[in-house]
Amino acid sequence: MSCLIKAISDDINLSVAEIKFLLNPSERRAKKIKIPKSNGNFRVVYHPNVKLKSVQYWLINKFFKLLPVSDFAFAFREKRSIVDNATVHCNSNYFMKFDFENFFPSLKFPHFVRECASVIYERYPQYSQNDIRKLVKFICFDRNQKLVQGFPTSPILSNAIMNRFDIALSKQLTDWTGRSDSFHLTRYADDIVISFDDLKIRSIIDDKFPRFIQGWNVPRLRINSSKTRFFNKKCGLAHVTGVRICRDGHLTTFKKTKSEIRLLLSLYRRNRLERGDFNTLLGLLSYIKMVDSHFYTKISSKFFKEIYDLKKATAI
């Protein structure tokens, strides 16, 4: 391990002793944060301390960027966004959406070893395979060898671990429907979206997709049936990863979001918006600019001075 730790130490200005300390899973290395969800529950994430995060980013830049990721994966990737994910499906008439329960904890260290590690071994033969495994295990996974939600390494590792799954699912869909161009498939983290034009495909997926998931062991996944959805674009109900797909195929967001943006800008104009909501409003403006540039242009024309002042105020 000394050779690998020495290389990290030289690159990120942490001592060998500090890095070895991080390899002790009994030490408190991350802060637990509970984020409220819309259903009243909480999402638990862990924020790594500065030293642990430094080693994690070293792993991302040196090791994990080498790992293969399927073309069907759209989350946590450079130059890909929720808009790109929705665009894949914008010309389809029907959509099926599936969600996996406890996605990150379902992805475990043995899955990394099986699906990903060989790529790193081949690229860095100067480091022992055991040292690489030990480093990744203690820096990127919890005591139960599960991926940790909130660690910067988890997104890129999740895509790499799911690479073979994505490809296998696409092949199965081709076999089930008889044609590779009869459907569109994307995965955005734990969200699977399959879109198509032939309504008969719905019954095929309803029957075969759950059985495919039950038979998949690496990783073992479970469908959250309460979040399974079917959308018909002709009814104006289709949305993918928070982006609404209209009947004519163009992308936008929900009326509720647009109304919230108008309300917050109006409050800001009258000096009645709480300071703590400034960043919330900026986030919504950034989101709408990405999703619906036409609406953003319209709202920017009406509230040009307010948006300018808001950006200036939050930059201080």
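Just above sits the structure.
A brief report on the enclosed structure follows. (Residues numbered from 1 in each chain as written. Predicted model: local features only at pLDDT ≥ 70, side-chain atom pairs only at ≥ 80, totals over all residues. Heavy atoms only, no water.)

Grouped together as the largest cluster of nonpolar side chains are 63 residues, with contacts concentrated most on Phe 63, Phe 64, Phe 112 and Phe 165. Beyond its immediate stretch of four places on either side in the chain, Phe 64 contacts Leu 59, Phe 112, Ile 120, Val 136, Cys 140, Thr 153, Ile 156 and Leu 157. Core analysis: the next-biggest nonpolar cluster, separate from the first, contains 19 residues, Leu 282, Ile 299, Ile 307 and Leu 310 among them. (Core = buried A, V, L, I, M, F, W, Y, C linked by side-chain atoms within 4.5 Å. Buried < 20%, exposed > 50% of the residue type's maximum accessible area, 1.4 Å probe, protein only. Contact = heavy atoms within 4.5 Å.)

Attention shifts here to the sheet that holds strand β9 (residues 251-252). Ordered by their spatial adjacency, three strands build an open sheet running β7-β8-β9, and the pairing between neighbours is antiparallel. The outermost strands of the open sheet, each flanked by one partner alone, are β7 (239-240) and β9. Bridge analysis of strand β8 (residues 243-245) against β9 gives two bridges, and the strand direction is antiparallel. If you follow Ile 245 over to β9, its bridge partner there is Leu 251. (Pairing = 2+ DSSP bridges. Helix = DSSP H or I, 4+ residues; strand = E, 2+ residues; numbered from the N terminus.)

The next thing to look at is the sheet that holds strand β3 (residues 94-99). Spatially, β4-β5-β3-β6 is the arrangement adopted by the four strands of the open sheet, whose pairing is antiparallel. Only two strands of the sheet have a single partner each, and these edge strands are β4 (183-188) and β6 (229-232). Direction aside, the axes of adjacent strands within the sheet are offset by 15° on average. As paired elements, β3 and strand β5 (residues 191-196) share six bridges and run antiparallel to each other. Within the sheet, the bridge partner assigned to Phe 95 lies in β5 and is Ser 195. Contacting β4 and β5, helix α10 (residues 163-177) runs over the sheet at an angle of about 160° to β4. (Axes fitted to C-alpha atoms, helices over the stretch in contact; angles between N-to-C directions.)

Our focus in this paragraph is the packing of helix α14 (residues 293-302) against helix α15 (residues 304-315). Between α14 and α15, whose axes approach to 4 Å, the crossing angle comes to 90°. The orientation of α14 with respect to α15, classified from their angle, is roughly perpendicular. Of the residues in α15, those touching α14 at Tyr 296, Ile 299, Ser 300, Ser 301 and Lys 302 are Phe 304, Glu 306, Ile 307 and Lys 311. (Parallel < 35°, antiparallel > 145°, perpendicular 65-115°, else oblique.)

Next up on the list: α10. Between its first and last C-alpha, α10 extends 22 Å over 15 residues, near the 21 Å set by a 1.5 Å rise per residue. Looking at α10, one finds that the buried residues are Asn 163, Phe 165, Asp 166, Ala 168, Leu 169, Ser 170, Leu 173 and Trp 176. Looking at the buried positions of α10, the neighbouring elements they touch are α9 (153-161), β4, β5 and α11 (200-214). In the segment just after α10, Gly 178 is the residue with positive phi, at about 85°. (Expected span 1.5 Å × (residues − 1).)

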